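Reading the structure
Letter by letter, the chains look like this.
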Amino acid sequence: MTDTEQDLYPSRQKPRPEWLERRDPVVHGQPGQEPPVDRELIDQFVRDGFVVLEDVFSPEEVKALTREANALRERGGLIPESRISERGMEGVDAVRSVFAPHRQSDVFERLAADERLSGLAQFILGDDVYIHQSRINYKPAFRGKDFYWHSDFETWHTEDGMPRMRAISMSVMLTDNHPHSGPTMFMPGSHMNYVTCVGETPDEHYRESLKKQEYGVPDGDSLARLAKLGGIEGPAPKAGSVVVFDCNTMHGSNSNITPYERINAFFVFNAWSNRLRDPFGNTQPRPEFVAHRQVKEPIRALKTLPPFPVGGR
């Protein structure tokens, strides 16, 4: 039996949480290979499990991306169920996320392939890459709800069947973040420990978890221990910045009760060799718009960069 067939990171199977050793490197790039960003940033990513890249996209690019992100909130003909609203709220300002924007918009398809993102992902993961999941996250002023603490990999492994920790997330800031507007918080160093969760996953859990996650949530004692070991950091990058974080980094965000809206475009790059198999939690796979299985080939990084198109399909 190969490692991809074994469950190296079992979770939601025992009555008490456990801490398991990470079995995968953080950066898979070949020794001696030059990264597409400063080596110090790669070292910081290895140490902390996240890094902020400033001024990746120009103001003109951000303007085009933000225009398209706002249009997606209202556009008809989207993939069924891909527009997620907050619990008990209706209207444009209640949209929490739009999933699979790179499959529903020329603008975000172009962004996913942009070498500034996909090229860095190829270096970190040491492989060809594809998009496992993408979404636009919205936190409207005064009404944006929280995202509770979690490790993405725990869910992707248990509910989607992602075998190994060979995936990264990249969050492109489309608005300026502010310390009090609910920016994503991280626990530095938490990516080196895998905290298992308690509770058998119900069928079609995604219908509730995309609004508010109740399974795959770490216990309070483990969160307190992680915070004691590495602390908590809440970077507030400006528009055009990109936050890169490991699939197992513990993160979450508070509600936004400020007058400042927060929008980001979120892409999960998975190694081509790490494609999904049956969920390790013995559940039905989540829908294609949440976890992509129907992918025919890896991303080919766009090096020649035409302007982002105005308007999407």
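Please refer to the structure placed before this passage.
Parameters at a glance
- Residues numbered from 1 in each chain as written.
- Predicted model: local features only at pLDDT ≥ 70, side-chain atom pairs only at ≥ 80, totals over all residues.
- Heavy atoms only, no water.
- Phe/Tyr/Trp six-rings, centres within 6.5 Å; stacked < 30°, edge-to-face > 60°.
- Helix = DSSP H or I, 4+ residues; strand = E, 2+ residues; numbered from the N terminus.
- Pairing = 2+ DSSP bridges.
- Axes fitted to C-alpha atoms, helices over the stretch in contact; angles between N-to-C directions.
- Contact = heavy atoms within 4.5 Å.
- Core = buried A, V, L, I, M, F, W, Y, C linked by side-chain atoms within 4.5 Å.
- Buried < 20%, exposed > 50% of the residue type's maximum accessible area, 1.4 Å probe, protein only.
- Salt bridge = Lys/Arg side-chain N within 4 Å of Asp/Glu carboxyl O.

What to know about the packing of aromatic side chains
Tallied over the entire structure, the rule returns 8 aromatic pairs. Summarising the aromatic geometry, the rings of tyrosine 9 and phenylalanine 153 are spaced 5.2 Å apart at their centres and angled 85° between planes, so their arrangement reads as edge-to-face. Of this pair, tyrosine 9 sits in the segment before strand 1 (19-21) while phenylalanine 153 sits in helix 5 (residues 152-160), and the two are 144 residues apart along the sequence. Judged by centre distance (4.5 Å) and plane angle (10°), the ring pair of phenylalanine 50 and phenylalanine 186 falls under stacked. Residue phenylalanine 50 is located in strand 2 (residues 50-53), and its partner phenylalanine 186 is located in strand 8 (residues 185-186); the two are separated by 136 residues in the primary sequence.

Section: the sheet that holds strand 10 (residues 242-246)
Pairing in this open sheet of 7 strands is antiparallel, and the strands run 2-10-7-12-5-4-3 from one edge to the other. Strands with a single pairing partner mark the edges of an open sheet, and in this sheet they are strand 2 and strand 3 (83-85). Pairs of neighbouring strands in the sheet enclose a mean axial angle of 20°, with direction left out of account. The sheet contacts of helix 2 (residues 59-72) involve strand 3, strand 4 (95-99), strand 5 (129-139), strand 7 (167-173) and strand 12 (262-271), and relative to strand 5 the element is tilted by about 75°.

Things to note about the sheet that holds strand 8
Pairing within the open sheet is antiparallel, and its 3 strands lie in the order 6-11-8. Both edges of this open sheet fall to strand 6 (147-150) and strand 8, since each of them pairs with a single strand only. Relative to strand 11 (residues 251-253), strand 8 runs antiparallel, the two being bridged by 2 bridges. Within strand 11, the position partnered with methionine 185 by the bridge is glycine 252.

Description of the nonpolar core
Where a protein is soluble and globular, its nonpolar side chains tend to be buried together. Of all hydrophobic cores here, the largest spans 43 residues; its most connected members are Leu111, Val244 and Phe269. If you tally residues by element for this core, the top one is helix 4 (residues 115-125), at 6 residues. Filtering out sequence-adjacent residues up to four positions away, valine 244 remains in contact with Phe45, Gly49, Phe50, Val51, Leu53, Leu120, Ile124, Ile168, Ser169 and Met170.

Quick look at the pattern of salt bridges
Evaluation of the coordinates by the stated rule reveals 14 salt bridges. With a closest N to O distance of 2.8 Å, arginine 12 and glutamate 159 form a salt bridge. Linking arginine 12 in the segment before strand 1 with glutamate 159 in helix 5, this pair joins segments that are 147 residues apart in sequence. With a shortest N-O distance of 2.8 Å, glutamate 61 and arginine 116 are connected by a salt bridge. With glutamate 61 in helix 2 and arginine 116 in helix 4, this residue pair connects regions lying 55 residues apart in the sequence. Under the relative-accessibility criterion, glutamate 61 is labelled buried at 16%. By relative accessible area, arginine 116 is classed as partly exposed at 26%. Several salt bridges share partner residues, and in doing so they unite Glu61, Arg110, Asp114 and Arg116 into one network.

Function-wise, these values are silent; they only describe arrangement.
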